[in-house]
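Descriptive structure summary
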Amino acid sequence: MSDLGARQLAALSELACLVADGTATRRSQLAQVTGLSRAAVAQRVDLLVARGLLVETETVATERGRPPLTLRLAADALICAVDLGATHVRAALTTLDGAPLAETIREIDINDGPQRTLTGVHELTGELLAEAGRAPRHLCAFSIGVPGPVEAETGTVIRPPIMQGWDGYRIPDFFADRYDATVLVDNDVNMMAFGEYSHRRHLRHLLYIKVGTGIGCGIISNGVLHRGASGAAGDIGHIPLHGHEDVLCHCGNTGCVEAVASGAAIARALREAGLPAAGGRDVVRMVYEGNPVARRQVRLAGQQIGEVLASLVSFHNPDAIVLGGVIAQLHEDLLADIRGVIYRRALPLATRTLAIETSALGERAGVEGAARMAARHLLSTEGIERLLMQPVR
Ligand SMILES: [Zn+2]
């Protein structure tokens, strides 16, 4: 049993989260943000420092007076953040406040199935720990984004359209025998959305749109990831576009935005025009080379994606739409058309302060979000109790 009551744990959790996400890293700032007295903050911070969860250090000396003391999370407890794609895995070892200690990327084929793919992740984790000079006991959490639908409570992959052999696989079971760590699993686009949100915490409502081989969306509503009743929220790729009923989608319906305007769809249109485009990366290359047919197709895709986003803006009223994925690299061509359609189609009240921008984190959005998601979980009221009871040393 913990010697700390539920209310005290909630208060400790709040302070630790503020330090972890960089909102407040000094005692005075914590008092300001929480409205607690300096004495109340001091009592709680002292406890977190004494239990080894927070560390207080002097920052660079100022000209006059004592340098201010800065708080950060202790670097003993680590997170392994993993972004599994169809053809790559990126893994990062981070502290609870998101500082990366080691990071690596490797090519894989997700269709090799869970056993082989996760054995690869296990080996990568060993390499990252060795590089950072840490032991497996320092790992408090694995946080993994996968390119398919996930039941987040159990970490089970559910009927993924790509990911052969993964249907019904419970990812945390693989790690249970090997590590004493919490395992969080979510859809990769959800992780990316959370990563982008973590870099824009002043924006409470955010839609992250990934335009890659497919098209997906992660939804942050009032600072919380919205997964929906069964984890399918944000699966926007199969929203139909008018006037494209002749285009067959892999889902069996026709006219889906993913079948018309994704990286794969643009590449297909270019092949039909006689250009050698295998996928989204070739589309990007051709636009950079100044190919007018490729630019034209990307601009058309921008308008088509904009049609769908205009409806989402009316429905969700976000502060920001953030575009990611390989095609979002073409922001000059893509953003102008997406913006044009949204401002024309959505209501003025919904677009008055709407920001439409490209990803700040690029290819790191997935691991960044996975790390932040894990930190939030570990520092929650329930999580912090465990961390304080069993300090990592
Ligand atoms: Zn479809």
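Thresholds, definitions, all that
Counting restarts for each chain: residues are numbered from 1 in the order of the written sequence. Local features in this predicted model are restricted to residues whose pLDDT is 70 or higher, and side-chain atom pairs enter the listing and the counts only when it is 80 or higher, whereas totals over whole chains, interfaces and linings include all residues. Inter-axis angles, ranging from 0 to 180 degrees, are taken between N-to-C directions of lines fitted to C-alpha atoms, where helices are fitted over the stretch in contact. By definition, any uninterrupted DSSP run of H or I lasting at least four residues is a helix, any uninterrupted run of E lasting at least two residues is a strand, and each is numbered from the N terminus. An angle below 35 degrees is read as roughly parallel, one above 145 as roughly antiparallel, one from 65 to 115 as roughly perpendicular, and any other as oblique. Contact between two residues is assigned whenever their backbone-derived C-beta positions fall within 7 Å. Ten residues, namely Ala, Val, Leu, Ile, Met, Phe, Trp, Tyr, Cys and Pro, are considered nonpolar, four, namely Asp, Glu, Lys and Arg, are considered charged, and the remaining ones, Gly among them, are considered polar. To sort residues by burial, count the other C-beta atoms lying within 10 Å of each one's C-beta; a count of 20 or more means buried, 12 or fewer means exposed, and anything in between means partly exposed. C-beta atoms are built from the backbone. For each domain, the first and last residues come from an automatic or database assignment. Two strands pair under a simple rule: DSSP has to find at least two bridges between them. A set of buried Ala, Val, Leu, Ile, Met, Phe, Trp, Tyr and Cys residues, joined to one another through C-beta atoms within 7 Å, is what we call a nonpolar core. Take the number of residues in a helix, subtract one, and multiply by 1.5 Å to get its expected span.

So, the packing of helix 6 (residues 188-198) against helix 13 (residues 365-378)
Contact geometry for helix 6 and helix 13: axes closest at 7 Å, N-to-C directions at 80°. Between helix 6 and helix 13, the interaxial angle falls into the category roughly perpendicular. Contact residues: Asp188, Met191, Met192, Ala193, Phe194, Gly195, Glu196 and Ser198 in helix 6; Ala365, Gly366, Glu368, Gly369, Ala370, Arg372 and Met373 in helix 13. In terms of residue class, the contact of helix 6 with helix 13 is built from seven nonpolar, four polar and four charged.

Considering unusual backbone geometry
Positive phi values are uncommon outside glycine, yet Arg159 reaches one of about 40°. Along the chain, Arg159 turns up in the loop between strand 8 (156-157) and helix 5 (171-176). A tally of 10 C-beta atoms within 10 Å means that Arg159 is categorised as exposed. Backbone geometry at Asn222 places phi at a positive 50°, although glycine is not the residue there. Look at Asn222 and you get exposed, because 7 C-beta atoms sit within 10 Å.

Focus on the domain arrangement of the protein
What the domain assignment reports for the protein is domain 1 (6-73), domain 2 (78-193 + 366-389) and domain 3 (201-359). Measuring from the centre of the C-alpha atoms in domain 1 to the corresponding centre in domain 3 gives 41 Å.

Considerations on the sheet that holds strand 14 (residues 355-358)
Read across the sheet, five strands follow the order 12-11-10-13-14 without closing on themselves; strand pairing throughout is mixed. The open sheet has two edge strands with one neighbour each: strand 12 (224-225) and strand 14. The pairing of strand 11 (residues 215-221) with strand 12 spans two bridges and is antiparallel. Note that in strand 12 the partner of Ser221 across the bridge is Val224. Docked against the sheet, helix 10 (residues 292-316) engages strand 10 (206-211), strand 11 and strand 13 (320-324), running at close to 160° with respect to strand 10. Here helix 11 (residues 331-345) sits on the sheet and contacts strand 13 and strand 14; the angle it forms with strand 14, its principal contact strand, is near 160°.

Observations regarding the packing of helix 1 (residues 6-20) against helix 14 (residues 381-389)
As a packed pair, helix 1 and helix 14 sit with axes 9 Å apart at the nearest point and diverge in direction by 90°. In this view, helix 1 runs roughly perpendicular relative to helix 14, as classed from their interaxial angle. When helix 1 is examined against helix 14, the residues Leu9, Ala10, Leu12, Ser13 and Ala16 are found in contact with a partner set consisting of Thr381, Ile384 and Glu385. When grouped by side-chain class, the residues that make up the contact of helix 1 with helix 14 number five nonpolar, two polar and one charged.

What about the sheet that holds strand 4 (residues 88-95)?
Whether parallel or antiparallel, the strands of a sheet pair through hydrogen bonds between backbone atoms. The five strands are arranged 5-4-3-6-9 in an open sheet whose pairing can be described as mixed. Looking at strand neighbours, the two that pair on one side only are strand 5 (100-107) and strand 9 (182-187), the edges of this open sheet. With strand direction ignored, the average angle separating the axes of adjacent strands in the sheet is 15°. Taken together, the six bridges between strand 3 (residues 78-84) and strand 6 (residues 139-146) define a ladder with parallel strand orientation. Across the sheet, residue Asp83 finds its bridge partner in strand 6, namely Gly145.

Some points on the environment of Ala233
Checked against the element boundaries, Ala233 lands in the loop between strand 12 and helix 7 (257-261). Residue classification places Ala233 among the partly exposed residues on the basis of 17 C-beta atoms within 10 Å. Among all residues touching Ala233, those that are not within four sequence positions of it are Ile219, His226, Arg227 and Gly228.

Let's talk about the pairing of strand 4
Among the eight residues of strand 4, seven are classified as buried, and the element is accordingly described as predominantly covered. Direction of pairing for strand 3 relative to strand 4: antiparallel, over a ladder of seven bridges. Bridge pairing links Asp83 to Arg90 in strand 4. Counted along the chain from strand 3 to the antiparallel partner strand 4, the turn is three residues long.

Side note on the environment of Pro67
Note that Pro67 resides in the loop between strand 1 (54-58) and strand 2 (69-73). Sequence separation between Pro67 and Thr57 is 10 residues; the distance between their C-alpha atoms is 9.7 Å.

A short note on the nonpolar core
One recurring pattern in soluble globular proteins is that nonpolar side chains are buried together. Membership of the largest hydrophobic core comes to 116 residues, with the highest contact counts inside it found for Ala16, Ile79, Val82, Ala193, Val283, Leu309 and Ala374. Once you skip the residues sitting within four places of it in the chain, Ala193 turns out to touch Leu206, Tyr208, Gly218, Ile219, Ile220, Leu225 and Gly369.

Considering helix 1
Here helix 1 contains 15 residues, and its C-alpha end-to-end distance of 21 Å stays within 8% of the 21 Å for a straight helix at 1.5 Å per residue. Buried within helix 1 we find Ala11, Leu12, Ser13, Leu15, Ala16, Val19 and Ala20. In this structure, the buried residues of helix 1 make contact with helix 2 (27-34), helix 3 (38-50), strand 1, strand 2, helix 13 and helix 14. Following helix 1 by one or two positions, Gly22 adopts a phi angle in the positive range, close to 80°.

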